[in-house]
Amino acid sequence: MLVSTAIFKVVASVSKGTASFAALLMTALHVTLMGSSLAAAAANPLASPELYGALPTIADAEISPNGEAVAMLQYVDGRTLLVVFGITDENSKPEGFSLGNVKPKTLYWAGDGHILILVSFTKNQSNFRTGREMIEYFRWVSFDVSERKSVSLFKNEPGFVVPSAGRLLATLPNESAKAVFARWSVSARGASGLARGPSLFEADLEKGRTRLLSAGNPETIDWVVDENGKPLARVDRDTEKLTIYSRQGDGSRLKAIRTYPVESGDPSPIILYGRASTAKKGSNEVVAGVLDEGGQRKLIRFY
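Worth saying up front: this structure is predicted, and the values here are computed from it rather than measured. Sequence order as written defines the numbering, with residues in each chain counted from 1. The predicted origin of the model limits local features to residues at a pLDDT of at least 70 and limits the giving and counting of side-chain atom pairs to 80 or more, whereas totals for whole chains, interfaces and linings rest on all residues. The side-chain figures draw on all heavy atoms in the structure; neither hydrogens nor water molecules are used.

Caption draft 1: Fine view of the environment of Val 151. Mapped onto the elements, Val 151 comes out in strand S9 (residues 149-153). When the C-alpha atoms of Val 151 and Asp 204 are compared, they prove to be 9.7 Å apart, with 53 residues separating the residues in sequence. Secondary structure is summarised from DSSP: a helix means a run of H or I of at least four residues, a strand means a run of E of at least two, and numbering begins at the N terminus for each.

Spelled out as structure tokens, the structure:
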């Protein structure tokens, strides 16, 4: 699943559903795209709409944190490419990197040097109950922009098929080559034994190595981490209650601070949105949305 390198030349304009996004992309690619569009118009001033309907399409696009580059998932000639180009240098040219035989779902920048791409692929897997079956796997791929190479994150665990890629929780501003994921694991062990639920993992985006940060349990449904990737809060839910655990002071342990009664099928009475952006360094302040009596969510902060 390594991403192979293939340089390509963009020869047509692109669009993205909203005028503001299209304007941004046209500004970024004005030399290449406008030049090719004018050339095409001169060669065939009566070109049919079908011609432009077959132009490369964009599945997703993200601007780097420093605002100097754009990464896109783009379909060209039946292939899916990761396209990276600078938007501050008018002489920069887009570069396309083939994603091979996988289906890209979305992408995120991790710092200015890495791009995380969620992909899926199918595999004919043996099943001791039904024989063989096609399973769709989801995996994260980390692409190093400067080195033009990629690594896959997470794999199956010994004796177990793990189709899930896990959920990206945070990229770390202080360690741009690392990211934190919440992923179901059968091998992660907590204080009460096997986690059997989504646990926190840190991934090395250059080498592809992962390590357990904190084990969940069968009731764990969500996590919040701080700017260093350390657990800040956790949400557990069973058939009768939902419990919020929060880090107290400078300690590493999470303590139960709030409990909400729930019944099967009820919407979550509280959703954690993450660490408060206005929180002071070292603060454990978390922003959440709580259901009021009218069924509307209101924002609260807790420590």
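And the narrative resumes.
Caption draft 2: Molecular detail of the sheet that holds strand S17 (residues 231-237). By definition, two strands form a pair when at least two bridges between them are found by DSSP. One open sheet accounts for four strands, arranged S16-S17-S18-S19; its pairing is antiparallel. Each end of this open sheet is capped by a strand with a single partner; those strands are strand S16 (220-225) and strand S19 (254-261). Pairs of neighbouring strands in the sheet enclose a mean axial angle of 15 degrees, with direction left out of account. Pairing of S17 with strand S18 (residues 241-247), which is carried by five bridges, proceeds in the antiparallel orientation. Geometry is summarised by axes, namely lines fitted to C-alpha atoms with helices restricted to the contacting stretch, and by angles between N-to-C directions that run from 0 to 180 degrees.

Caption draft 3: Highlighting the sheet that holds strand S20 (residues 270-275). Strands sit in the order S20-S21-S22 across an open sheet of three strands; the sheet is antiparallel. On the outer flanks of this sheet lie S20 and strand S22 (297-302), each paired with one strand and no other. Put simply, the sheet's adjacent strands are angled 25 degrees from each other on average, direction ignored. Summarising the sheet, S20 and strand S21 (residues 286-291) pair through five bridges and their orientation is antiparallel. Looking at the pairing, Arg 275 lines up with Val 286 of S21.

Caption draft 4: Focus on unusual backbone geometry. Phi at Arg 148 is positive, roughly 60 degrees, even though this residue is not glycine. With respect to the helices, strands and loops of the structure, Arg 148 is situated in the loop between strand S8 (131-144) and S9. One non-glycine residue with positive phi stands out, namely Phe 154, at about 70 degrees. Here Phe 154 lies in the loop between S9 and strand S10 (167-172). Residue class for Phe 154 comes out buried when judged on its relative accessible area of 7%. Remark: exposure states derive from per-residue accessible area (1.4 Å probe, protein chains only) relative to the maximum for the residue type, with buried under 20%, exposed over 50%, and partly exposed in between.

Caption draft 5: Geometry of the confidence of the model for the chain. For every residue, the predictor assigns a confidence score, pLDDT, that lies between 0 and 100. Across the chain, the average pLDDT comes to 75, with 73% of residues at or above 70. At the level of individual helices and strands, the chain shows its lowest average pLDDT in strand S1 (residues 4-5), which scores 32, and its highest in strand S6 (residues 103-110), which scores 93. Low confidence marks residues 1-55, where pLDDT is under 50. Its contacts with residues over four positions away, or in another chain, come to 73 contacts. It only takes one pair of heavy atoms within 4.5 Å for two residues to be counted as in contact.

Caption draft 6: Up close: the side chain of Asn 217. The topology assignment puts Asn 217 in the loop between strand S15 (210-214) and S16. Here Glu 219 takes part through its backbone nitrogen, which lies 2.8 Å from a polar atom of the side chain of Asn 217. Side-chain atoms alone can form a polar contact between residues adjacent in sequence; in general such a contact is a pair of N or O atoms within 3.5 Å, and within protein one must be able to donate a hydrogen while the other accepts it. Of the polar contacts made by the side chain of Asn 217, one reaches the side chain of Asp 236; its length is 2.9 Å.

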